[in-house]
Amino acid sequence: MSDNWTDGNSLGGPLREVFSVDITAATGRCSSCGTTGPLAEGRLFGPAPGLVLRCPHCGEPLLRMATGPGHAWLDLRGLAFIEVTTPG
Amino acid sequence: MARAAVLGRLNWLVGQLAEIRQETATARTLVLDVPGWTEHLPGQHVDIRLTAEDGYSTERSYSIASAPNGSRVELTVERLEDGEVSPYLTEVLSPGDPLELRGPIGGYFAWHPEDVSPVLLTGGGSGVAPLMAMARTRIASGSTAVMRLVYSTRSPATLLYAAEMQSLAARDGRLTADVIYTRAAPPGWSGPVGRLDAGRLKELAEPLGPGVQCFVCGPTGFVEGTANLLVGLGLGARQIRTERFGPSGGTS
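Residues numbered from 1 in each chain as written. Chains lettered and ligands numbered in written order. Predicted model: local features only at pLDDT ≥ 70, side-chain atom pairs only at ≥ 80, totals over all residues. Heavy atoms only, no water.

Even after reading the chapter, I still don't get the nonpolar core, so can you show me in this structure?
All names here are of chain B. Ranked by size, the top nonpolar core spans 30 residues in total, and within it L121, M134, M147, L149, Y161, M165 and F215 carry the most contacts. Elements represented by at least two residues in this core include exactly strand 7 (119-124), helix 3 (128-141), strand 8 (147-153), helix 4 (162-169), strand 9 (175-181) and strand 10 (213-218). Broken down by element, the residue count for this core peaks at six residues, all from helix 3. Apart from the residues within four sequence positions on either side, F215 is in contact with F109, A110, W111, V119, L120, L121, T122, L131, M134 and R241. Core analysis: the second largest hydrophobic core is formed by 19 residues, V34, W37, V73 and L93 among them. (Core = buried A, V, L, I, M, F, W, Y, C linked by side-chain atoms within 4.5 Å. Buried < 20%, exposed > 50% of the residue type's maximum accessible area, 1.4 Å probe, protein only. Helix = DSSP H or I, 4+ residues; strand = E, 2+ residues; numbered from the N terminus. Contact = heavy atoms within 4.5 Å.)

Sorry, what's going on with the interface of chain A and chain B here?
How big an interface is tends to be stated in terms of accessible area lost as the parts join. Between chain A and chain B, the contact holds 28 residues from the first and 27 residues from the second. When the two sides are added together, the surface that chain A and chain B hide from each other amounts to roughly 2000 Å², 48% of it contributed by carbon and sulfur. Summed over the three residues of chain A that lose the most area to chain B, namely N9, R16 and E17 of chain A, the buried surface amounts to 28% of that side. The tally of links between chain A and chain B comes to four salt bridges. The partner of E17 of chain A in a salt bridge is R102 of chain B, with the nearest N and O atoms 2.3 Å apart. There are 10 residue pairs in polar contact (both at pLDDT 80 or more) connecting chain A and chain B. Of all the elements in the fold, those that place two or more residues in the side of chain A that touches chain B are strand 1 (6-7), helix 1 (12-16) and strand 3 (36-38) of chain A. Among the elements that take part in the side of chain A that touches chain B, helix 1 of chain A stands out by supplying four residues, more than any other. Grouping the amino acids of the side of chain A that touches chain B by side-chain chemistry returns nine nonpolar, 12 polar and seven charged. (Buried area = accessible area lost by both parts, 1.4 Å probe. Salt bridge = Lys/Arg side-chain N within 4 Å of Asp/Glu carboxyl O. Polar contact = N/O pair within 3.5 Å; in protein donor to acceptor, adjacent residues only side chain to side chain. Nonpolar A, V, L, I, M, F, W, Y, C, P; charged D, E, K, R; others polar.)

Before we go on, may I ask you to explain the environment of L235 of chain B in this structure?
Residues and elements named next belong to chain B. Here L235 is to be found in the loop between helix 6 (220-232) and strand 11 (240-244). Between the C-alpha atom of L235 and that of Q213, which follows or precedes it by 22 residues, the distance is 9.2 Å. Contacts of L235, omitting those with residues within four sequence positions, involve P210, V212, C214, L230 and I240.

Please explain the pairing of strand 2 (residues 27-33) of chain B as it appears in this structure.
Within a regular strand, side chains alternate between the sheet's two faces. Residues and elements named next belong to chain B. Buried residues dominate strand 2, accounting for six of its seven residues. Two strands pair when backbone bridges link them, and strand 1 (residues 13-22) and strand 2 are joined in this way by six bridges, in the antiparallel orientation. Its bridge partner being in strand 2, Q16 is matched across the sheet by D33. Between the end of strand 1 and the start of strand 2, which pair antiparallel, lie four residues. As paired elements, strand 2 and strand 5 (residues 72-78) share seven bridges and run antiparallel to each other. (Pairing = 2+ DSSP bridges.)

See below:
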């Protein structure tokens, strides 16, 4: 696999086009190996043909995102759950 | 406060370049005025979008280097030889020009001024930019948190924020800055020259105590190496937050 990746941190902007809260600071669990941690600590590959966030532990995809004019597609199969802080 | 600021989807904004500060031969700080800007936390970044006349567009992430200051946002950009975006930002963009951006982005690699835990900031190359935002915010906010900035750079010629680094280094004992020169030091330098190693990092981190919060930013290799050294000092993974720019060493 290419070593040309950055942190999940840099997925923050694209995801904020879809969600109203920052998802990179949320905790997620990898469906493949069970590792749990902030999505910001994942490894982000892309941008073409889409953005792929991989588990820093096992390398399996956690999240895939593709965008086109006026649309975004998200594949979240690699996440067993995400935990987001809510107001109050 | 910060919570209210993250509500709602993020829209692209158009900023205007107000001022340029040349930092080194290849890096400059862009001072932008961004109408509609929501105040940021130090450590957060923006995405910059450049669009060509034929409609082709490309995006890059850049860390914010300044403390929150109304609609003013400062980015330090290092020119990468084969870069697609940084040559435009460092050589073409001029005061008065518009620049499309969205932000502030990211709630993970961010320092909250109300957090009083001791902080160790370790930056490699232009990875010092978001850490500088944290040091500047600490001063502007009147925080009393113990904060130590450790900045690894090749030589005096690549040192960003040179004058400010000196004044930080000479501050009271609660905010300090240490420069690590990896290849060449300035004349009269009495310290070691070379990469940040376990011994040196231990010396710098230990006085901050076992509850220290660490932020590490820079090229992937630097961040991996430093994070491993911090784990080797007995710190837990949850105490170490990282931001990697990728293998090139550029800002994203």
